[in-house]
Amino acid sequence: MIAYRGGLPMLSRRHFCCSGALMASLLTIGRASADQCTVLTPEGQAALTPEDALAKLKAGNERFVSKTMRNCDLLAQVRATASGQFPSAMIIGCIDSRVPPELVFDQRIGDIFSARIAGNIINDDIVGSSEFATKLSGAKLIVVLGHSECGAIKGAVDDVEFGMLTGLLARIKPAVEEASKDWSGERTSKNKDFVQKVATVNAELGAQKLTALSSVLRELVETKQLKIVSAMHDITTGQVTFQ
């Protein structure tokens, strides 16, 4: 119980001690939060290994799923990155509005390169962007990120033809063919399991295609300066599973 004198509370030594402990705790949390929001410098990026970059994304997705995402001063990050950017990773993802990489991996300004195209397909422009992100800008990791209930995958499975989308969906056909090899069930977009399998295979083939098409990326991987992986995002849970 707090005693009062002249209408003002009389705080005991115990209250002062507790208040001090609380303040110290808040300061510690504040410092930890500030550290998490510090943008990468050239030195920080250079010190990262591909495995470090992958661990950062995994930790970020855990924060996203557990609703403990970072609360960063984005304008401060804008100012900090105005003279240069040093992201740790590149995400090649789908344009689907439910799969924004910065949110799914709890990344902020300056953290990642993000290339988005329907069906997370790999074409010459994506390969060139990947070369820029890694060889020229220092990113240590590329993630080809597919997701559940992907409309582009469903279109490819059902042989949809529509304007210039037809050519894009054709790039997913190898995944449909590969997934069909040991599949005995229905092979239409109505079969969610088949759609999921095609999406998974499509991400895996995309990761393989990057090094098949680019000697620049292949050399970085061979010298262990770069890691390329595929992953799947569950739009129901928010969880990302790395292949």
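In case you missed it, the structure is sitting above this.
Draft legend 1. Seen up close, the packing of helix 10 (residues 192–213) against helix 11 (residues 215–222). Relative to each other, helix 10 and helix 11 sit at 105 degrees, their axes nearing to 5 Å. With respect to their mutual orientation, helix 10 and helix 11 come out roughly perpendicular. On helix 11, the residues touching Leu210, Thr211, Ala212 and Leu213 of helix 10 are Ser215, Leu217, Arg218 and Val221. Of the residues belonging to the contact of helix 10 with helix 11, the class tally is 5 nonpolar, 2 polar and 1 charged.

Draft legend 2. Focus on helix 10. End to end, helix 10 covers 31 Å across 22 residues, agreeing with the expected 32 Å (1.5 Å per residue, within 8%). If you check which residues of helix 10 are buried, you get Phe194, Val195, Val198, Ala199, Thr200, Val201, Asn202, Ala203, Gly206, Ala207, Leu210 and Thr211. Of the residues flanking the start of helix 10, the one acting as N-cap is Asn191, its side-chain oxygen 3.1 Å from the backbone nitrogen of Asp193.

Draft legend 3. Spotlight on the nonpolar core. Counting 40 residues, the largest nonpolar core has Ile92, Ile142, Ile153, Ile172, Val198 and Leu210 as the members making the most contacts within it. Sort the elements by how many residues they give to this core and helix 10 lands first, with 8 residues. Beyond its immediate sequence surroundings of up to four residues, Ile172 is in contact with Gly119, Ile121, Ala152, Ile153, Ala156, Val198 and Asn202.

Draft legend 4. A look at the state of the cysteines. In total, this model carries 1 disulfide according to the counting rule given. Paired through a disulfide, Cys37 and Cys72 show a sulfur-sulfur distance of 2.0 Å. Judged by the sign of its S-S torsion, about -80 degrees, the bond between Cys37 and Cys72 is left-handed. Taken together, the positions of Cys37 in helix 1 (residues 13–37) and Cys72 in the loop between helix 3 (50–65) and helix 4 (74–81) put the pair 35 residues apart, joining distant regions of the chain. Just as Cys37 is buried, Cys72 falls in that class too. Of all cysteine sulfurs in the structure, the one in Cys150 sits closest to Cys94, which takes part in no disulfide; the separation is 4.1 Å.

Draft legend 5. Here's a closer look at the packing of helix 6 (residues 124–136) against helix 11. Close contact between helix 6 and helix 11 brings their axes to 9 Å; oriented N to C, the two are set at 40 degrees. Put simply, helix 6 runs oblique to helix 11. Seen from above, helix 6 lies across helix 11 with left-handed handedness. Side by side, helix 6 and helix 11 meet where Ser130, Glu131, Thr134 and Lys135 of the first sit next to Val216, Leu217 and Leu220 of the second. In the contact of helix 6 with helix 11, the residues fall into 3 nonpolar, 2 polar and 2 charged.

Draft legend 6. Geometry of the sheet that holds strand 7 (residues 240–242). Read across the sheet, 5 strands follow the order 4-3-5-6-7 without closing on themselves; strand pairing throughout is mixed. Strands at the two margins of the open sheet, each flanked by one partner only, are strand 4 (112–116) and strand 7. Neighbour to neighbour, the strand axes of the sheet diverge by 25 degrees on average, direction disregarded. Its contacts with the sheet place helix 6 against strand 3 (89–93), strand 4 and strand 5 (141–147), and it is angled at close to 165 degrees to strand 3.

Cut-offs used in this document
- Residues take numbers from 1 onward in each chain, read along the sequence in its written order.
- The predicted nature of this model means local features are confined to residues of pLDDT at least 70 and side-chain atom pairs, given and counted, to a pLDDT of 80 or more, with totals for whole chains, interfaces and linings taken over all residues.
- Heavy atoms from the whole structure form the basis of all side-chain values; hydrogens and water molecules are not counted.
- To obtain an axis, a line is fitted to C-alpha atoms, over the contacting stretch when the element is a helix, and the angle between two such axes runs from 0 to 180 degrees between their N-to-C directions.
- Numbering of helices and strands starts at the N terminus; helices are DSSP runs of H or I of at least 4 residues and strands are runs of E of at least 2.
- Angles below 35 degrees are treated as roughly parallel, those above 145 as roughly antiparallel, those between 65 and 115 as roughly perpendicular, and all remaining angles as oblique.
- Only heavy atoms matter for contacts: two residues are in contact if any of them lie within 4.5 Å across the pair.
- Each residue gets one of three labels, nonpolar for Ala, Val, Leu, Ile, Met, Phe, Trp, Tyr, Cys and Pro, charged for Asp, Glu, Lys and Arg, and polar for the others, Gly among them.
- Every helix has an expected span of 1.5 Å times one less than the residues it contains.
- Only protein chains enter the calculation, and the probe is 1.4 Å; a residue is then buried if its accessible area is under 20% of its type maximum, exposed if over 50%, and partly exposed in between.
- Distance and chemistry together define a polar contact, namely a pair of N or O atoms within 3.5 Å, with one atom able to donate a hydrogen and the other to accept it when in protein, and with adjacent residues in sequence counting only for side-chain atoms on both sides.
- Residues enter a nonpolar core if they are buried and are Ala, Val, Leu, Ile, Met, Phe, Trp, Tyr or Cys, with the set joined through side-chain atoms within 4.5 Å.
- When the sulfur atoms of two cysteines come within 2.5 Å, that pair is taken as a disulfide.
- Should the near helix be turned anticlockwise from the far one by less than a right angle, the crossing is left-handed, and should it be turned clockwise, the crossing is right-handed.
- When DSSP finds two or more bridges between a pair of strands, those strands are recorded as paired.

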